[in-house]
Amino acid sequence: MSTATSEVVLARYGELWLKGKNRSEFERALVRNARAALSTIDPEAVLVREHGLLVVRPSRRVRDVAARLQDVFGISSLSIARSAPSEPEGIADVASAVLGEALEELPRERAVRFRVSAKRTDKRFPMTSPELNRFVAERLPPELVRRLAIDLDEPELELGLHVRKGTSYVFAARTSGAGGLPVGTVGRVIVLFSGGIDSPVAAWMAMKRGCTAVLLSFHSYPWVGQGFERKVERLARALARYQPRTRLVLAPLAEIQLAIRDSAPSPYRTVLYRRMMQRIAGRLARVEKAGAVVTGESLGQVASQTLPNLSLIEEAGDLCVLRPLIGLDKTEIIERARRIGTFAISIENEPDCCTVFQPEHPVIHGRREECLAAEAQLDVEGLVTRSFEARRELEIS
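Residues numbered from 1 in each chain as written. Predicted model: local features only at pLDDT ≥ 70, side-chain atom pairs only at ≥ 80, totals over all residues. Heavy atoms only, no water.

This brings us to the packing of aromatic side chains. For the coordinates displayed, the defined rule picks out three aromatic pairs. The interplanar angle of 65 degrees and the centroid separation of 5.5 Å between the aromatic rings of Phe-73 and Trp-204 together place this pair among those described as edge-to-face. Of this pair, Phe-73 sits in the loop between helix H2 (62–69) and strand E4 (75–85) while Trp-204 sits in helix H6 (residues 198–208), and the two are 131 residues apart along the sequence. For the pair Phe-73 and Trp-204, one class covers both residues: buried. Aromatic ring contacts, followed pair by pair, group Phe-73, Trp-204 and Tyr-242 into a single cluster. (Phe/Tyr/Trp six-rings, centres within 6.5 Å; stacked < 30°, edge-to-face > 60°. Helix = DSSP H or I, 4+ residues; strand = E, 2+ residues; numbered from the N terminus. Buried < 20%, exposed > 50% of the residue type's maximum accessible area, 1.4 Å probe, protein only.)

Given below as C-alpha cells:
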C-alpha cells in the first residue's frame, strides 16, 4: 500500500473544552484568528473544525504554518501530522513512514524510548485503542524496531494516532501552543502602553485571556522626541502577532504635565499624571466600547505602585482596572518579555513621558485629601478633553 500522504497541522484546544454551550462561539473565533494569522504565510490554507480539533491543511510551508499558529491564543498544542485512511493497514503504513522520519532526527548510538498512543473518535473503528497500538507496533519495519526501546511511562518519542471517520492522522511530536482563550471572545480593553518592559507583557497577558487590546500611549513632545513614538510603534508591531487587528493610540501629555508642574506639589506629580491617564483611557474606552483598563503595574515595584497610590490612581477613572503583573517580580516580567519578543525593544534607551519633570522625592503613601487639593488647582476637564481630542491612531498590521 502507498504511504504517500499529505501533511497537516493539528491544533488542539485548551480551555475551550470548558465553555459548554458557548464552545462553538469560541471555536469560531479561534478559526477566524488562526486564518488571520496565516494570511501572510499561506492565505490558501484550509481550516476545518473536527471534533474538538482544528485541522489546518496548508498549501505550502507547513512548518512555517505550524510556527505561526503557536502565537494564536486558544491553541494548547500543535503537531505536524500526516493523514491516513481510517483502516488499520493504512494507518500502520503511514505510521512507519512518520516514525522513520522522526528517528532521522535522533541519535543512532542508543535505543530511543518509544510508545504508540492511539485515540479514537470514531467508535465504529474495528479495533480498540490498545489493539491498534499493538497492531501498528507489530508492523513496524525491523530496521526501525532495532532502534527502539518500549517505554510506556516516559517515552522520548511518542507515535500519536488520531483515528477519525474517513481520515485519520499520525504524528510524532507535539509543540506547545500559546494557550489561553481566543482574542476577542471576552471583550475589549484599553492598555496603558509605555515604552518600558512591563506594559507590553501586561497587554500580552490580557490578550491571552481573550481580550482585544487597544494600546494607548502618551507622548511629551517636545521634551520627548519622535524616537519614543517609533519605539512604541515597534513594540505594538511585535504584539500584533498575537491578535488579528491592533490599534495604537497616541495622546499628548505635555500640557497636562506642565500644568501639574506649575501648580501641584512636586511629590504628587507622578500620581497626578497617572490619574489624568486614567481619565483619558476612560474616554477612549467609551469610544472603543471597552470594558476595562489594563496597566503594567506590579505591587511595590516603584513609588507610584504602592497600595495607597494605586488606589488614588484607580479612583480617578470610572472603569475596572486590570493589573496582570501585580504579583510578579521584575525577573519574572523580564523573562516573559523575552519570550514574547518585546524585551530587546523595551530596553532601548529612549526617554518616555514618565521622565519629564520627574519628582526627586515622589510620594510613597499618598493621602487622598492632599491629592484632591492639588488636583483642584487644575482645569481637569479641559486638559483631559484637549489631550483626548488631539490623539492620533495607527493601525498596526
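So, about the sheet that holds strand E12 (residues 246–252). Whenever strands of a sheet pair, they do so through backbone hydrogen bonds, lying parallel or antiparallel. On the basis of which strands lie adjacent, the open sheet formed by six strands has the order E14-E13-E10-E11-E12-E15 and mixed pairing. Bordering the open sheet on either side are strand E14 (320–322) and strand E15 (392–396), each of which pairs with just one other strand. The average undirected angle you get between the axes of adjacent strands in this sheet is 30 degrees. Set on the sheet, helix H9 (residues 269–288) makes contact with strand E10 (187–192), strand E11 (211–219), E12, strand E13 (292–294), E14 and E15; between it and E10 the angle comes to about 155 degrees. (Pairing = 2+ DSSP bridges. Axes fitted to C-alpha atoms, helices over the stretch in contact; angles between N-to-C directions. Contact = heavy atoms within 4.5 Å.)

One face of the sheet, then the other: side chains in a regular strand alternate in exactly this way. The pairing of E10 with E11 spans six bridges and is parallel. Across the sheet, the residue bridging to Val-191 is Leu-215, located in E11. Crossover E10 to E11 through H6 is right-handed. With three bridges connecting them, E10 and E13 associate as parallel partners. Counterpart to Val-191 in the pairing with E13 is Val-294. (Right-handed = clockwise from strand over helix to strand, strands pointing away.)

The next thing to look at is the packing of H6 against helix H11 (residues 330–340). Taken N-terminus to C-terminus, the directions of H6 and H11 make an angle of 70 degrees; their axes are 9 Å apart at the nearest point. Classified by the angle their axes make, H6 and H11 are roughly perpendicular. H6 and H11 meet at a crossing whose hand is left-handed. In this structure, H6 uses Asp-198, Pro-200, Val-201, Trp-204 and Met-205 to contact H11, whose residues at the interface are Lys-330, Ile-333, Arg-336, Ala-337, Arg-339 and Ile-340. Among the residues making up the contact of H6 with H11, the classes are represented as seven nonpolar, no polar and four charged. (Parallel < 35°, antiparallel > 145°, perpendicular 65-115°, else oblique. Left-handed = near helix turned anticlockwise from the far one by under 90°. Nonpolar A, V, L, I, M, F, W, Y, C, P; charged D, E, K, R; others polar.)

Attention now goes to the nonpolar core. The biggest cluster of nonpolar side chains holds 38 residues, and the ones touching the most others in it are Val-189, Val-191, Phe-193, Leu-215, Leu-239 and Leu-248. For this core, the secondary structure elements donating two or more residues are E10, H6, E11, helix H7 (226–239), E12, E13, H11 and helix H12 (343–346). For this core, the leading source of residues is H6, giving seven residues. Setting aside residues up to four positions removed in sequence, Leu-248 forms contacts with Phe-193, Leu-215, Ser-217, Val-232, Glu-233, Ala-236, Arg-392, Glu-393, Leu-394 and Ile-396. Grouped together as the second largest cluster of nonpolar side chains are 35 residues, Met-276, Met-277, Ala-281 and Leu-378 included. (Core = buried A, V, L, I, M, F, W, Y, C linked by side-chain atoms within 4.5 Å.)

So, on to the environment of Tyr-13. As for its placement among the helices and strands, Tyr-13 is situated in strand E1 (residues 7–13). With 65 residues separating them along the chain, Tyr-13 and Leu-78 place their C-alpha atoms 9.3 Å apart.

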